[in-house]
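Given next are the chains, with one letter for each unit.
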Amino acid sequence: MVKNFSSRCRRISAAGILLLLALPSDPLFAANTKRRKARSAKSTAARAVAAQPSTASAATTNVPLLERLMAVVRKPPILPRTEYAVAVTRVGSPEPVLSYNGDRPLILASTTKVFTTAAALDRLGTDYRFKTRFFREGEIDANGTLNGRLVVVGGGDPALSGRLYGNDPLAVFRPVADSLYARGIRRITGGLLLDASFFDDQRTHPDWPDEQAQYWWQAPVSALSYNDNVVLVRATGNSRPGAPAYLGFHPAGPHALSLAGRVTTISGLGASVGVRRQAGSSTIVAAGLVGRNRTWFGDITVPNPPLYMGAALTQVLNEAGIEVLSAPTVTTQPARPDEAAARVLLHSHETPIVPVLSVANKRSQSFYSEQILKTLGAEKEGKGTWENGRREVASFLTSLGLDASRYELADGSGRSRNNRATANAYLDFLNVLATRWDKFATFEPTLAISGDMAGTLRHRFLSELVRGKVYGKTGNIAGVVTLTGYVTAKSGQKYAFVILINGGCPEGRGHAWQDRFVNELARFG
């Protein structure tokens, strides 16, 4: 069964926290109407003044709301080295209601995903489908033997798993097997050729820490991926205490991946098992204790996604009565024109883009976001690279009338600590999406929704005031807690908001503070 991996993001070690700048002094707050009117349009108090450590401002008509919001802003969940910024505007208004430290670039964490997913929907279109195609090389003889290879050409689909198929990770390949069987294929002499050339060979981003390479939130990226590029290690206790447990993989044992170590059976029903894999290694080490006749599962990333996908596909083909007679091979080079012309299409698996965007945004699934970014680069720039994907995101921002240089984006998910923007710049992005972008009505429901069990806001904003009225994107990497999105206030007014906390903030305290702020905005906005 494919696990819902998003719920375990808190396992990131606090030892990875980076130290940031010291806490700024309390912001200056201008409430004098005459002085505000005297300011030029360029230096309006609605924006943070760069010369000041921090500022907050609002239109005179919103002073009561501003004061309530500032009462929350001035009491953040901070440590001595914490930085934070908050910005709020009425959707459609050119001026913010509040901007506190709004011009200070801060780490975005997973709120980076909003840029990636919005750009993909815009550039690829609402009807786009991720395609994985299955070809034959060679002829099928009268005995049902394909004298050649089954070629699988990847298209960056992140959803080749059970996530969209009732949590059955092998279900996605059964229509493929049925299609081949219906064409008379009973055995494949040349094995599988796994073509991952749609993306480049760089499977992990250079900004990502090696020590987290084994965890699901930092799964590698490939044009041919399977099961979020995570395999479950299985340890089943023997019937006799003291005997070694039975070790294995689920849903499939990836080719060229070995499982070592010792897990011992104990009496009782408990289990204490750990698994690890060094970055770049093909060996998984398991150790610990497991109760008699009990099965323990633990997830870990795979180093070679195409081979993992090939192992699962081979298992389904065998179950359908199709024998694969040779080991799989992987290529990262596209077929020559003459090779491509000689291939015969047998089956095409397609996944619509909107459900994929929903997983990325609602579940904050980083693997999905990186697959989306590289697919965007491949479709529009000719090769799936991080650079090409970022170039398309920048082009999208420019098309909205925004200055793309205000947004420093390194990857597609926010795993890199080099994804940075100011709260004001992010607020402008949200405002423009909601007012100028023709695909916003399709995009907004892909965000997490307060009280909706499908997303990361399922346990937040549960009161009648805000349940179902906050559409947002959460973010969390070591010491960084962020929240951006929209809320419809009690008055009916819709607001866009950005809350960025950097540097040593515990996730729970950060969430509580963010929730207090958004609740105040919803109640009095």
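Caption draft 1: Up close: the packing of aromatic side chains. Inspection of the entire model under this criterion finds 18 aromatic pairs. With centroids separated by 4.2 Å and ring planes inclined at 15°, the aromatic side chains of Phe115 and Phe429 adopt a geometry described as stacked. On the criterion of sequence distance, the pair formed by Phe115 in helix H3 (residues 113-124) and Phe429 in helix H10 (residues 423-436) is long-range, its members being 314 residues apart. Each member of the pair Phe115 and Phe429 is classed as buried. A ring pair is formed by Phe367 and Tyr368, whose centres lie 6.0 Å apart and whose planes are at 80°; its orientation type is edge-to-face. Like Phe367, the residue Tyr368 is buried in the burial classification. Joined through ring pairs, the aromatic side chains of Phe115, Tyr407, Tyr426 and Phe429 make up one cluster. For the cation-ring pair, Lys131 lies above Tyr128, with the distance from its terminal atom to the ring centre recorded as 5.9 Å.

Caption draft 2: Region of interest: the sheet that holds strand E25 (residues 494-502). Across the sheet, 6 strands lie side by side as E4-E3-E25-E24-E23-E22; this open sheet has antiparallel pairing. The open sheet has two edge strands, strand E4 (96-100) and strand E22 (448-449), and neither has a second partner.

Caption draft 3: Highlighting the sheet that holds strand E8 (residues 149-153). Judged by pairing direction, the sheet is mixed, and its 5 strands sit side by side in the order E18-E10-E8-E6-E19 without closing on themselves. Of all the strands in the sheet, the pair left with one neighbour each is strand E18 (329-331) and strand E19 (344-352). Sheet twist, expressed as the mean angle between neighbouring strand axes with direction ignored, is 20°. Pairing of strand E6 (residues 129-137) with E19, which is carried by 8 bridges, proceeds in the antiparallel orientation. Residue pairing for E19: Lys131 is matched across the bridge by Glu350. Relative to the sheet, helix H5 (residues 305-319) contacts E6, E8, strand E10 (192-195) and E18, its axis offset from that of E10 by approximately 140°. In the packing of helix H7 (residues 353-362) onto the sheet, the strands contacted are E6 and E19, and the crossing angle to E19 comes to about 50°.

Caption draft 4: Representation of the nonpolar core. Phe115, Tyr407, Phe429, Leu433 and Trp437 are the most contacted members of the largest nonpolar core, which has 56 residues in total. Those elements that place two or more of their residues in this core are strand E3 (83-90), H3, H7, helix H8 (366-381), helix H9 (386-399), H10, helix H11 (440-443) and E25. Counting residues in each nonpolar core, the second largest holds 44 residues, with Tyr226, Phe249, Ala252 and Ile284 among its members.

Caption draft 5: Local environment of helix H4 (residues 174-182). Among the residues making up H4, those that are buried are Val176, Ala177, Ser179 and Leu180. What you see down the axis of H4 is that its buried residues fit within an arc of 160°, all on one side. Across H4 from its buried face, at more than 90 degrees, point the exposed residues Asp178 and Ala182. The elements touched by buried residues of H4 are E6, E8, strand E9 (187-188), H5 and E19. One or two positions beyond H4, positive phi appears at Gly184, with a value near 90°.

What counts and how
- Residues numbered from 1 in each chain as written.
- Predicted model: local features only at pLDDT ≥ 70, side-chain atom pairs only at ≥ 80, totals over all residues.
- Heavy atoms only, no water.
- Phe/Tyr/Trp six-rings, centres within 6.5 Å; stacked < 30°, edge-to-face > 60°.
- Helix = DSSP H or I, 4+ residues; strand = E, 2+ residues; numbered from the N terminus.
- Buried < 20%, exposed > 50% of the residue type's maximum accessible area, 1.4 Å probe, protein only.
- Lys NZ or Arg CZ within 6 Å of the ring centre and 35° of its normal.
- Pairing = 2+ DSSP bridges.
- Axes fitted to C-alpha atoms, helices over the stretch in contact; angles between N-to-C directions.
- Contact = heavy atoms within 4.5 Å.
- Core = buried A, V, L, I, M, F, W, Y, C linked by side-chain atoms within 4.5 Å.
- Arc of directions from axis to C-beta.

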